[in-house]
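Geometric and topological summary
Okay, here's what each chain looks like letter by letter:
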Amino acid sequence: MDTPTLNRIAKLHPSVRNEVTKIIQECDTALTGRAKVRVTQGLRTFAEQDALYQQGRTKPGKKVTNAKAGQSVHNYGFAVDICLIIEGKTASWETTKDWDNDRIADWYECVKIFAKYGWEWGGNWKTFKDLPHFDKRNFNSWKQLSKLKLDANGYVIIG
C-alpha cells in the first residue's frame, strides 16, 4: 500500500481501519501487480464536505455530492473512495479495464472483495451513482451516526 492510502486509512473510524487494510491488501493481491488500489478519500471534515457540496452549485465544476456537512458517511469515517494506480504512476477510475488480463475488470474484482466484507458500493445506488465510493453496511446511515456521542478523539461511539 502506498503512503497516501495508509495515511487515509489511519484517519478512518478505528473500528474499520484493520478491515479496510485487509480489503486493500486483498484487492492488490487479486489484481496481481499492474494495478494497485489507492484510497483517495476517507474521513472528511464537515468543512471539506461543505466545500464538495458547493462544487457545481456556488462554485465552478460538476456536482459531485448531494450531501451537506454531516450528511455523508465519510464525515464519520465509515466510507472510502478509491482509484487504481496503474504501474505506480497513473490514476484510473476506469471500471471496465482488465489490467491483469484475467478476464475480469479489475474494478469489479475490488467491488466483490469490498462486498465480501460487508461494504456497499456506490455504483449500485439507484440515483447519483458514485463509482469510487464504498461504505460500511450497518454504518451507512448518516442520520443514525449524527445522533451518536463522540469519544475523546471525535469519533462516534458505536455498540
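The rules behind the values
- Along each chain, residues carry numbers from 1 onward, in the same order as the chain's sequence is written.
- In keeping with the model being predicted, local features are shown solely for residues with a pLDDT of at least 70 and side-chain atom pairs are shown and tallied solely at 80 or more, while totals for entire chains, interfaces and linings include all residues.
- Each side-chain value is worked out from all heavy atoms of the structure, with water and hydrogens disregarded.
- Think of it this way: any DSSP run of H or I at least four residues long counts as a helix, any run of E at least two long counts as a strand, and we number them from the N terminus.
- Buried, partly exposed and exposed residues are distinguished by accessible area as a fraction of the type maximum, computed with a 1.4 Å probe on protein chains only: under 20%, between the cut-offs, and over 50%, respectively.
- Pairing of N or O atoms within 3.5 Å defines a polar contact, subject to two protein rules: one partner must be a possible hydrogen donor and the other a possible acceptor, and residues neighboring in sequence count only if both atoms are side-chain atoms.
- When a carboxyl oxygen of Asp or Glu lies within 4 Å of a side-chain nitrogen of Lys or Arg, that pair is called a salt bridge.
- In this analysis, the expected span of each helix is defined as 1.5 Å times one less than the number of residues it contains.
- Two residues qualify as a contact provided that any one of their heavy atoms is within 4.5 Å of a heavy atom in the partner residue.
- When two rings of Phe, Tyr or Trp (its six-membered ring) have centres within 6.5 Å they constitute a pair, described as stacked for plane angles under 30 degrees, edge-to-face for angles over 60, and tilted for the intermediate range.
- Throughout, an axis means a line fitted to C-alpha atoms (over the contacting stretch in the case of helices), and angles, computed between N-to-C directions, take values from 0 to 180 degrees.
- Crossing handedness: left-handed means the near helix sits turned counterclockwise from the far one by under a right angle, and right-handed means the same turn made clockwise.
- In this count, Pro and Cys sit with the nonpolar residues alongside Ala, Val, Leu, Ile, Met, Phe, Trp and Tyr, while Asp, Glu, Lys and Arg are called charged and the others, Gly among them, polar.

So, on to the side chain of Ser-92. Within the secondary structure, Ser-92 sits in strand β3 (residues 90-92). Take Ser-92: its relative accessible area is 9%, and that puts it in the buried class. A polar contact is formed between the side chain of Ser-92 and the backbone nitrogen of Glu-94, at a distance of 3.1 Å.

Evaluated as defined, the whole model comprises five salt bridges. When the shortest N-O distance is used, the salt bridge between Lys-136 and Glu-19 registers 2.8 Å. Highlighted residues: Lys-136 in strand β5 (residues 133-136) and Glu-19 in helix α2 (residues 17-30), separated in sequence by 117 residues. Note that Arg-44 is salt-bridged to Asp-81, the shortest N-O span being 3.3 Å. Here Arg-44, found in the loop between β1 (35-41) and α3 (46-54), pairs with Asp-81, found in strand β2 (residues 79-86); they are 37 residues apart in sequence, far enough to count as distant. Neither residue differs from the other here; Arg-44 and Asp-81 are each classed as buried.

Another point: α2. Counted at 1.5 Å a residue, the expected span for α2 with its 14 residues is 20 Å, and the 20 Å between its end C-alpha atoms agrees. Those residues of α2 that are buried lie in contact with α1 (3-11), β1, β2, α4 (106-116) and β4 (119-121). The first or second residue beyond α2 is Thr-32, which carries a positive phi of 55°.

On to the packing of aromatic side chains. Evaluation of the coordinates by the stated rule reveals five aromatic pairs. Ring centres 5.5 Å apart and planes at 90° place the aromatic pair Tyr-108 and Trp-121 in the edge-to-face group. Separated by 13 residues along the polypeptide, Tyr-108 in helix α4 and Trp-121 in strand β4 bring together distant segments of the chain. On the basis of relative accessible area, Trp-121 is assigned to the buried category, the value being 6%.

Now for the packing of α2 against α4. It is at 9 Å that the axes of α2 and α4 come closest, and there the two elements cross at 145°. Where α2 crosses over α4, the two elements pack in a sense that is right-handed. Contacts between α2 and α4 involve Ile-23, Ile-24, Glu-26, Cys-27 and Ala-30 on the former and, on the latter, Glu-109, Cys-110, Ile-113, Phe-114 and Lys-116. Taken together, the residues of the contact of α2 with α4 break down into seven nonpolar, no polar and three charged.

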